[in-house]
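Chain by chain, the residues run as shown.
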Amino acid sequence: MAEKEEQFYLVRSDVLPESMKKTLQAKELLERNKVASVFDAVQQVDLSRSVFYKYRDAVFPFRAMVKQRMITLFFHLEDRTGTLSELLAIVARSGGNILTIHQTIPLQGRANVTISLNTAGMHTDIQSLLDELRALAYVDKVEILSSEA
């Protein structure tokens, strides 16, 4: 069975079910250390623990999603064994969290690759990462397609 792709939606709070709103309230209490446990949080907002656990990893405040720093990079690469693997290893070593990868079928010995990554955990600045990637012998081009950083 194929893995189901996650989809996200931006929804106004007034149309959310009460159980989701209360889950968000309980999560905020926990994040702000206003309560000692999940039990205390759900009790304070009048929510069952089973409903909390059902929604806790599915509903997020918009500000939490905005905190993620995303960047999309475009590469034009030579088609050589291990090229993509080495490129991804460099991104991983920098602390970047790769979210998506798209590679075209190589034509005339070249392929296009687009990578979206979360830069929030990076210990290397973007410019240094780009410089390191551009220095690779098999990389013809690196461009920033979009940045929400």
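About the criteria used
- Residues numbered from 1 in each chain as written.
- Predicted model: local features only at pLDDT ≥ 70, side-chain atom pairs only at ≥ 80, totals over all residues.
- Heavy atoms only, no water.
- Helix = DSSP H or I, 4+ residues; strand = E, 2+ residues; numbered from the N terminus.
- Contact = heavy atoms within 4.5 Å.
- Areas by Shrake-Rupley, 256 points an atom, 1.4 Å probe, with all protein chains shown as cover.
- Axes fitted to C-alpha atoms, helices over the stretch in contact; angles between N-to-C directions.
- Parallel < 35°, antiparallel > 145°, perpendicular 65-115°, else oblique.
- Left-handed = near helix turned anticlockwise from the far one by under 90°.
- Nonpolar A, V, L, I, M, F, W, Y, C, P; charged D, E, K, R; others polar.
- Patch = residues over 30% accessible without salt bridge, like charges linked within 9 Å, V, L, I, M, F, W, Y side chains within 5 Å.
- Salt bridge = Lys/Arg side-chain N within 4 Å of Asp/Glu carboxyl O.
- Buried < 20%, exposed > 50% of the residue type's maximum accessible area, 1.4 Å probe, protein only.
- Arc of directions from axis to C-beta.
- Pairing = 2+ DSSP bridges.
- pLDDT = per-residue confidence, 0-100.
- Phe/Tyr/Trp six-rings, centres within 6.5 Å; stacked < 30°, edge-to-face > 60°.
- Polar contact = N/O pair within 3.5 Å; in protein donor to acceptor, adjacent residues only side chain to side chain.

Enquirer: Any chance you could explain the overall build of the protein chain here in plain terms?
Expert: Looking only at helices and strands, one finds six helices and four strands in the protein chain. Going from the N terminus to the C terminus, the protein chain shows its helices and strands as α-α-α-α-β-α-β-β-α-β. Residue pairs at least 24 apart in sequence account for 66% of intrachain contacts in the protein chain once pairs closer than 6 positions are excluded. For the protein chain, the accessible surface area stands at approximately 10200 Å², while carbon and sulfur atoms represent 51% of it.

Enquirer: Explain the packing of helix 1 (residues 18-31) against helix 2 (residues 38-45) here, please?
Expert: Packed helix pairs are characterised by how far apart their axes lie and by the angle those axes make with each other. Contact geometry of helix 1 with helix 2 gives a least axis separation of 9 Å together with a crossing angle of 135°. With respect to each other, helix 1 and helix 2 are oriented oblique. The hand of the helix 1/helix 2 crossing is right-handed. Across from K22, Q25, A26, L29 and L30 in helix 1, the residues of helix 2 making contact are V38, A41, Q44 and V45. Residues of the contact of helix 1 with helix 2, tallied by class, amount to six nonpolar, two polar and one charged.

Enquirer: Can you walk me through a nonpolar patch on the surface in this structure?
Expert: Side chains of Y9, V11 and V15 sit close together on the surface and give an oily, nonpolar patch of about 330 Å² of accessible area. Residue placement: V11 occurs in the segment before helix 1. The partly exposed category is assigned to V11, whose relative accessible area is 44%.

Enquirer: Honestly, helix 5 (residues 83-93) in this entry has me stumped. Any pointers?
Expert: Owing to its 3.6 residues per turn, the α-helix aligns residues three or four sequence positions apart on the same side. Buried residues of helix 5: T83, L87, L88, I90 and V91, and no others. Around the axis of helix 5, the buried residues are gathered within 155° of arc, so they sit on the same side. Opposite the buried face of helix 5, by more than 90 degrees, sit the exposed residues S85 and R93. Directly beyond the C-terminal end of helix 5, a positive phi value near 95° is found at G95.

Enquirer: Teacher, can you tell me more about the pairing of strand 2 (residues 97-103) here?
Expert: It is a general feature of regular strands that their side chains alternate between the two faces of the sheet. Relative to strand 3 (residues 110-118), strand 2 is paired through six bridges, and the arrangement is antiparallel. For T100, the partnering residue across the bridge sits in strand 3 and is S116. Taking the residues that link successive antiparallel strands as the turn, the strand 2-strand 3 hairpin has six residues, and the phi of Q108 there is positive, at about 50°.

Enquirer: Mind showing me how you'd approach the confidence of the model for the protein chain here?
Expert: Regions with low pLDDT carry predicted coordinates that are not meant to be interpreted in detail. Across the protein chain, the average pLDDT comes to 87, with 89% of residues at 70 or higher. Ranking the helices and strands of the protein chain by mean pLDDT puts helix 2 first, with 95, and helix 4 (residues 62-66) last, with 55.

Enquirer: Sorry if this is basic, but what is going on with the pairing of strand 3 here?
Expert: The pairing of strand 1 (residues 70-78) with strand 3 spans nine bridges and is classified as antiparallel. Considered in strand 3, the bridge of L73 is made with I115.

Enquirer: Help me understand the packing of aromatic side chains, please; the structure alone is not making it clear to me.
Expert: A ring pair, where both rings are aromatic, is described by two values, the distance of the centres and the angle of the planes. Tallied over the full model, the rule gives one aromatic pair. On the numbers, 5.4 Å between centres and 75° between planes, the contact of F52 with Y53 is edge-to-face.

Enquirer: Can you walk me through the environment of E143 in this structure?
Expert: As for its placement among the helices and strands, E143 is situated in strand 4 (residues 139-147). Excluding residues that lie within four positions of it along the chain, E143 makes contacts with T72, L73 and F74. Of note is the side chain of E143, whose polar atom sits 3.3 Å from the side chain of K141.

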